[in-house]
Every structure is written in structure tokens, then in C-alpha cells.
Amino acid sequence: MTDQERVAEISLALLQVEERIYRACKLAARSRNDLTLIAVTKTYPISDVQILQGLGIKDFGENRDGEGIEKSSAIKESVKKHFLAKTYWHYQGEIQSKKIGSISRWADTVHSLDDLSHIEKFDRALELLGEKSLEVFIQVSLDGNPNRSGLKASAVLEACEVVANSSHLNLMGVMTVPPVESDPEKSFAEIAEIAAKVRNAFPEARYLSAGMSGDFEVAIAYGATHIRIGSQILGSRSTAP
């Protein structure tokens, strides 16, 4: 595939996704401006990120620290060199303690915070970086499965309290990835209730990160503010590790 063909392919897919977002917002009586579309670029090449950047996308999601470093560095350098719009980088993968310092350097937002000990470690890492702060979502497990990422609903408010009392973390709200076998309607209704409780206790935490390529329209109906879409925009993902 030529570069021009890839640009055309991504442009069409992005347009189709945007049309679906607008329809979902209309059905939910919401404004498109309420939604942040995060293009999930994990496993895709930097050239795809550059195409999306040229198409006006500013928010990019990564699940791996190494890829996040490489892509964000290249794109931020391009922003400076060509006076382009600032980009924002979202980390949404499993957090390893040894990677916290590195993630803190390149990410603007972390969606997958689900360990109280990591809150202090992020805060300490950001202290060493100086004035930088980090936006964070608390990841919620909707089925309580210990093999899945996310805190149980009963532990979410405590985690929010710890974030709120930190020096360098800004509490955005909650995030979830519904179990594959679950009913999306039920899952997003549940996370919407949890998000409402969090907002009631922490008014600044007014955001909900929910919805991916296969279910983002349902998530929008239940109040998602950040949707994370990869394959619907960029096509089948590489199976490389």
C-alpha cells in the first residue's frame, strides 16, 4: 500500500467513526464537544500517528511504555519543528511499578490506575520531574475478577481520596474495560452509577473513560467523555508481541 492509499484509508475510517460518534451523541442529546476521541495507536507505526495528526487528531493512546516513549518523542519533535497543534498522550495499559518513572515523563494522562501504592509512586516520580502534573483515571473492575485489571467498586472512593490528597496528580474520574462476555448496556450502566458517586464526592472528577471500537456508541449513551478507539480507525492490529 502506498502512503497516499494509507492516508485515504485512514481518512475514510476516521470519517466513518466520527459520523457514528455524532449519531450517538444526537441520540443521547449530548454535544460532540463533550467527547474526547483517543486514537489508540498501540502496535501501529509512527507513520499512522503522523497521518492522524495531519487529520486533526490530538489525543493518542498507548498500552506499552516503550511505544509511548518512541511515538510521543517523535511526534512532539514534529510539533515543535513544524509549529503543529500540541498532542496529548494517554497511557491505558497495565502499570508496572518499575515503569512508573518512565510513564510519568511522556504521558499526559493515565487511564489505568488501579493500585494504591502506584499513586504515591507516581506522585514521587512527578516530584522529581519538577512542575509536571499528571491526569489520572481510576480503573474499575466491574466483575471483581482478580485476574483482570481494575479496583473493585468498593475501593474506588478510597483511591480517589488518595489521588485528591496527592501533590502532582489530578483526578479525572473513572475508567473501565467491560468484561468481554458482559452485556455492554449493563456494564456501562454500572460504571455510570459509580462515576456519579465519584463526582458527588469529588466534583472535579467529572469524566468517564469508557468505550472502545466495539462498544463506544453504548458508552456514549451512558455518559462516557473519553472513548478509546483503535482498530475501527486504523484497521486490523498487528499480532506482534
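Refer to the structure presented above.
First things first, this report covers the structure right here in the doc.

1. Let's talk about the pairing of strand E1 (residues 36–40)
(1) Moving on: With 4 of its 5 residues buried, E1 lies for the most part within the structure.
(2) Moving on: Read from E1 through helix H2 (residues 46–54) to strand E2 (residues 59–62), the crossover connection turns out right-handed.

2. Concerning the packing of aromatic side chains
(1) Moving on: For the structure shown, the criterion picks out 2 aromatic pairs.
(2) Moving on: Sitting over the face of the ring of tyrosine 88, lysine 86 holds its NZ or CZ atom 5.1 Å from the ring centroid.

3. Focus on helix H3 (residues 65–82)
(1) Moving on: Taking 1.5 Å per residue, 18 residues should reach 26 Å; H3 reaches 25 Å between its end C-alpha atoms and fits that length.
(2) Moving on: Those residues of H3 lying buried are Asp65, Glu67, Gly68, Lys71, Ser72, Ile75, Ser78 and Val79. Summarising the axial view, the buried residues of H3 lie within an arc of 160°, below the 170-degree limit, and thus occupy one face. The exposed residues of H3 that point more than 90 degrees off its buried face are Lys80 and Lys81.
(3) Moving on: Residues of H3 that are buried in the fold lie against H2, E2, strand E3 (88–91) and helix H4 (100–106).
(4) Moving on: Where H3 terminates, the next one or two residues include phenylalanine 83, which has phi positive at roughly 55°.

4. Describing the pattern of salt bridges
(1) Moving on: Across all of its chains, the model carries 10 salt bridges by this definition.
(2) Moving on: One salt bridge in this structure joins arginine 148 and aspartate 143, with 2.7 Å as the shortest N-O distance.
(3) Moving on: On the basis of relative accessibility, which here comes to 30%, the residue arginine 148 falls in the partly exposed class.
(4) Moving on: The residue arginine 148 makes a salt bridge to glutamate 181 at a minimum N-O spacing of 2.8 Å. In this pair, arginine 148 sits in the loop between strand E5 (134–140) and helix H6 (156–164) while glutamate 181 sits in the loop between strand E6 (169–176) and helix H7 (184–201), placing the two residues 33 residues apart along the sequence.
(5) Moving on: Residues joined in a network through salt bridges with shared partners are Glu62, Arg64, Glu67 and Lys71.

The rules behind each value
Residues numbered from 1 in each chain as written. Predicted model: local features only at pLDDT ≥ 70, side-chain atom pairs only at ≥ 80, totals over all residues. Heavy atoms only, no water. Buried < 20%, exposed > 50% of the residue type's maximum accessible area, 1.4 Å probe, protein only. Helix = DSSP H or I, 4+ residues; strand = E, 2+ residues; numbered from the N terminus. Right-handed = clockwise from strand over helix to strand, strands pointing away. Phe/Tyr/Trp six-rings, centres within 6.5 Å; stacked < 30°, edge-to-face > 60°. Lys NZ or Arg CZ within 6 Å of the ring centre and 35° of its normal. Expected span 1.5 Å × (residues − 1). Arc of directions from axis to C-beta. Contact = heavy atoms within 4.5 Å. Salt bridge = Lys/Arg side-chain N within 4 Å of Asp/Glu carboxyl O.

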